[in-house]
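Structural description and commentary
These are the residues of each chain, in order.
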Amino acid sequence: MTYAPAAKEQPVSDGPRHVAIIMDGNGRWAQARGRPRLFGHHAGARRVREIVEACPGLGVDYLTIFAFSTENWKRTQTEVAGLMSLFRRYIMKEMQEFVRYNVRVRFIGDRLRLEVKLRALMDEAEAMTRDCSGLNLTIAINYGGRDEVARATKRLAVDVAEGRLKPEDVDLETLPRYLDTCVLPDPDLVIRTSGEARISNFLLWQSAYAEYEFIDTLWPDFSARIFSEVLMQYGARERRFGTVRA
Ligand code: IPE
Ligand code: IPE
Ligand code: MG
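Quick look at the structure, then. (Residues numbered from 1 in each chain as written. Chains lettered and ligands numbered in written order. Predicted model: local features only at pLDDT ≥ 70, side-chain atom pairs only at ≥ 80, totals over all residues. Heavy atoms only, no water.)

1. Looking at the site of ligand 1
Heads up, the rule is: Throughout, the term near means that a residue has one or more heavy atoms lying within 4 Å of the molecule or strand in question. Side-chain atoms alone can form a polar contact between residues adjacent in sequence; in general such a contact is a pair of N or O atoms within 3.5 Å, and within protein one must be able to donate a hydrogen while the other accepts it. Definitions used for this entry: grid spacing 1 Å over protein atoms alone; cavity, a set of points where a 1.4 Å probe fits but cannot get out; pocket, an open set with protein on both sides within 12 Å along at least 5 of 7 lines; lining residue, one with an atom within 4 Å of a point. Think of it this way: a molecule belongs to a cavity or pocket when more than half its atoms come within 2 Å of the grid points there. Strands are runs of DSSP state E lasting at least 2 residues, helices are runs of H or I lasting at least 4, and numbering of each runs from the N terminus.
The environment of ligand 1 is made up of 13 residues, and the closest members are Asp24, Gly27, Arg28, Arg37 and Arg75. The separation between an oxygen atom of ligand 1 and a polar side-chain atom of Arg37 is 2.8 Å. A majority-of-atoms criterion places ligand 1 in the largest pocket. Secondary-structure elements contributing two or more residues to the shell around ligand 1 are α1 (26-31), α2 (37-58) and α3 (77-100). Element by element, the count of residues in the shell around ligand 1 is highest for α1, at three residues.

And the structure:
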């Protein structure tokens, strides 16, 4: 199967350029069908393709998806191992398709805790899609906003200690350069599926001024149609960034 441009969707005027999604609800989706949680994760992974395909037609240049948090290690060994194996298979299967569909893939999160085989595949996917100029797809694996800020601060402290950065030069421009997302614009819209109204440690720094949409749909049921409806709602919002209406 190849990625095809979404023909029927129209770009949303004033739509978000960068959409970040907390893909939640796979476990409940599986449970409702009397199946193991991993069944839901597999169904969820299949949905990603549909949303990726829809992005260019909807005017979305950056899509960032939360696949595994720094807190998700607390789940059973079976679920964690199943997810890691799903990530390996997913990357292996989709890599060629990303190139064909001009999708540039990046990963954010702490890779050091991930198994070597998965890390190698992540590196390979990033290298293979380096010249792709279409959608920027960022996949967050072993990602936590607090962990990211802590890792960034550590690197920044090393630069200060070794004389590459002066303490007085640390400001709102400098600090984000140390974050995993240093090459990405801030998200305009953060969507969370499954009805939970929390951010669960996702893009804490970057989403300071994002709009949020909490959708009741469970992630495996989140279709391109629902996605485009959510983007339409975003178009109707007024973003003020601290100012008042002129
Ligand atoms: C989101 O679905 C996927 C991951 C966190 C890996 P969940 O697994 O959290 O599904 P629910 O919230 O239990 O339904
Ligand atoms: C957030 O979902 C993480 C991902 C979607 C990968 P969780 O299901 O882990 O979040 P909590 O535990 O409900 O806050
Ligand atoms: Mg959940």
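Additional details are given in the paragraphs that follow.
2. Quick look at the site of ligand 2
Applied cut-off: Shrake-Rupley sampling with a 1.4 Å probe provides the accessible areas, and residues are treated as covered by the protein chains on show and by no other component. All amino acids are sorted into three groups, where Ala, Val, Leu, Ile, Met, Phe, Trp, Tyr, Cys and Pro are nonpolar, Asp, Glu, Lys and Arg are charged, and the leftover types, Gly among them, are polar.
In the vicinity of ligand 2, the contacting residues are Ile22, Met23, Asp24, Phe66, Ala67, Phe68, Asn72, Arg75, Arg192, Arg198 and Ser200. Ser200 is positioned such that a nitrogen or oxygen atom in its side chain is 2.6 Å from an oxygen atom of ligand 2. Protein contact buries 78% of the 390 Å² of open area that ligand 2 shows by itself. Put simply, ligand 2 lies in the largest pocket. Per-element accounting of the shell around ligand 2 gives the leading share, three residues, to strand β2 (residues 62-69). Broken down by class, the residue content of the shell around ligand 2 amounts to five nonpolar, two polar and four charged.

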